[in-house]
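Observations on chain architecture
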Amino acid sequence: MTHDHPDTPARAASRPFGRVLTAMVTPFTGDGSLDLDGAARLATYLVDEQGNDALVVNGTTGESPTTTDGEKEQLIRTVVEAVGDRAKVVAGVGTNDTRHTIELAAAAEKAGAHGLLVVTPYYNKPPQAGLLRHFTAVADASGLPVMLYDIPHRSGVPIETETLVRLAEHGRIVAVKDAKSDLTATSWVTSRTSLAFYSGEDSLTLPALAVGSVGVVGTSTHFTGVQTQEMIKAYDAGDNATALALHRRLLPLYTGIFRTQGTILVKAGLAAKGLPAGPVRPPLVDATAEQLAQLRADCAAAGLDLPE
């Protein structure tokens, strides 16, 4: 058995936010307004019944493009009050405007968040030097630990390996939500830094662990949290056969939740379970009866029951 020096990046990266995080949907009432009571109930369910170590609020799955800054702040306060004593609450604060992102970060810190999720600025396609400046400015302006969110298929720009290595030098930049789907790039960064990598794609969680990642920020984990915890713990314990069996079992839902935009199907599934969700806000549209039937089939294929 080899013993890595504790200061080498090759050591098992720490888990600043635990193993399993869910990018929580934002419950709305029937008329589309914010349902804070529902948010507290949903957060409690995700932590106490689905085994989540942390929740991401105000992420894209939480419909952050269509919630106001005031609603975002209320949501953080509500979720921190509901579960903050037993789970980390990570606030999505990323925008494509550095100044606005810093304002949201300050509001999130004041509202009690334990960490920040900062997505790559989207649509304006900054060069790598711009990304370095943006993420550094946000981390400099806040006292909270930062998880970068690398999702080039939505933002239009990847955070390149060399940029991630430089950002890892910042004391408050501690983690990456990795939705790049490039395990070679992941391998390079996890081998050269101590950034905690969380798979941003449910179905890549197990292979990501094999190249140094520590967990997942999931969408299907609204329903698969307990089993996903089991899978990661089995992998950690060296029981690869159990981890692989769980990965294969959950695959129909890991992928099925994205047959259309993930928020749409999560909200439909939660409503079927009698949990707070409500409608989506435009430009999203609520799930059709056919989509809900397919989600039921995907859940059944993953060994999970979605009530009729």
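Use the structure listed above.
Residues numbered from 1 in each chain as written. Predicted model: local features only at pLDDT ≥ 70, side-chain atom pairs only at ≥ 80, totals over all residues. Heavy atoms only, no water.

1. Some words on the side chain of Asp 202
Stated formally: Strands here are runs of E lasting at least two residues and helices are runs of H or I lasting at least four, both read from the DSSP assignment and numbered beginning at the N terminus. Under the scheme applied here, a residue whose accessible area is under 20% of the maximum for its type counts as buried, over 50% as exposed, and between as partly exposed, the area being computed with a 1.4 Å probe on protein chains only. Asp and Glu count as negative and Lys and Arg as positive, but His and the ends of the chain are not part of the count. Whenever Lys or Arg places a side-chain nitrogen within 4 Å of a carboxyl oxygen from Asp or Glu, that contact is recorded as a salt bridge. Polar contacts, as counted here, are pairs of nitrogen or oxygen atoms within 3.5 Å of one another; within protein the pair requires one atom able to donate a hydrogen and one able to accept it, and residues that are adjacent in sequence qualify only if both atoms are side-chain atoms. What makes two residues a contact is simply this: any of their non-hydrogen atoms within 4.5 Å.
Counting through the fold element by element, Asp 202 comes out in the loop between β7 (196-199) and α8 (205-210). This buried residue, Asp 202, is left without a salt bridge; Lys 177 holds the nearest opposite charge, at 7.4 Å. A distance of 3.2 Å separates the side chain of Asp 202 from the backbone nitrogen of Thr 219, its partner in a polar contact. Those residues in contact with Asp 202 that lie beyond four places of it in its chain are Val 216, Val 217, Gly 218, Thr 219, Ser 220, Thr 221, Tyr 254 and Phe 258.

2. Details of the sheet that holds strand β5 (residues 146-150)
Applied cut-off: By this definition, two strands are paired if DSSP reports at least two bridges between them. Axis lines are fitted to C-alpha atoms, over the contacting stretch for helices. Their N-to-C directions set the angle, which ranges from 0 to 180 degrees.
Strand order in the closed barrel formed by 8 strands is β1-β2-β3-β4-β5-β6-β7-β8, and the pairing between neighbours is parallel. Pairwise comparison of adjacent strand axes, ignoring direction, gives a mean angle of 25 degrees for this sheet. Pairing geometry for strand β1 (residues 20-23) and strand β8 (residues 215-218), over 3 bridges, is parallel. Paired with Thr 22 across the strands is Gly 218, a residue of β8.

3. Section: unusual backbone geometry
Cis geometry marks the peptide bond from Pro 282 to Pro 283; its omega dihedral reads 20 degrees. Positive phi values are uncommon outside glycine, yet Ser 181 reaches one of about 55 degrees. Residue placement: Ser 181 occurs in the loop between β6 (173-178) and α7 (183-192).

4. Regarding the packing of helix α1 (residues 36-48) against helix α2 (residues 69-83)
Where we set the bar: Under this scheme an angle from 65 to 115 degrees is roughly perpendicular, one under 35 degrees roughly parallel, and one over 145 degrees roughly antiparallel; angles in between are oblique. Each crossing gets its hand from how the near helix is turned against the far one by less than a right angle, where anticlockwise is left-handed and clockwise is right-handed.
Interhelical geometry of α1 versus α2 gives an angle of 45 degrees and a closest axis separation of 9 Å. Overall, the two elements α1 and α2 adopt an arrangement that is oblique. Considering how the two elements wind past one another, α1 and α2 form a crossing that is right-handed. On α2, the residues touching Leu 36, Ala 39, Ala 40, Ala 43, Thr 44 and Val 47 of α1 are Gln 74, Leu 75, Thr 78, Val 79, Ala 82 and Val 83.

5. Some thoughts on the packing of aromatic side chains
The description of an aromatic ring pair rests on the distance of the ring centres and on the angle between the ring planes. Rules: Aromatic contacts are taken between Phe, Tyr and Trp rings whose centres are within 6.5 Å, Trp giving its six-membered ring; a plane angle under 30 degrees counts as stacked, one over 60 as edge-to-face, and the others as tilted. Two limits define a charge over a ring: the Lys NZ or Arg CZ must be within 6 Å of the ring centre, and within 35 degrees of the ring normal.
A complete count under the given rule lists 1 aromatic pair for this structure. Considering the side-chain rings of Phe 17 and Tyr 198, the 6.5 Å spacing of their centres and the 50 degrees angle between planes classify their relative orientation as tilted. Residue Phe 17 is located in the segment before β1, and its partner Tyr 198 is located in strand β7; the two are separated by 181 residues in the primary sequence. Each member of the pair, Phe 17 together with Tyr 198, is buried. Above the ring of Phe 28, the side-chain terminus of Arg 281 is found at 4.1 Å from the ring centroid.

6. Side note on the pattern of salt bridges
Following the criterion strictly, the structure yields 12 salt bridges and no others. In this structure, the salt-bridge partner of Arg 86 is Asp 85, at a minimum N-O distance of 2.8 Å. Classification of Arg 86 as partly exposed rests on a relative accessible area of 37%. For the salt bridge of Arg 192 with Glu 162, the shortest nitrogen-to-oxygen distance reads 2.8 Å. Pair noted here: Arg 192 is in helix α7 and Glu 162 is in helix α6 (residues 161-167), with a separation of 30 residues, a long-range link. Given the relative accessible area of 36%, Arg 192 is considered partly exposed.

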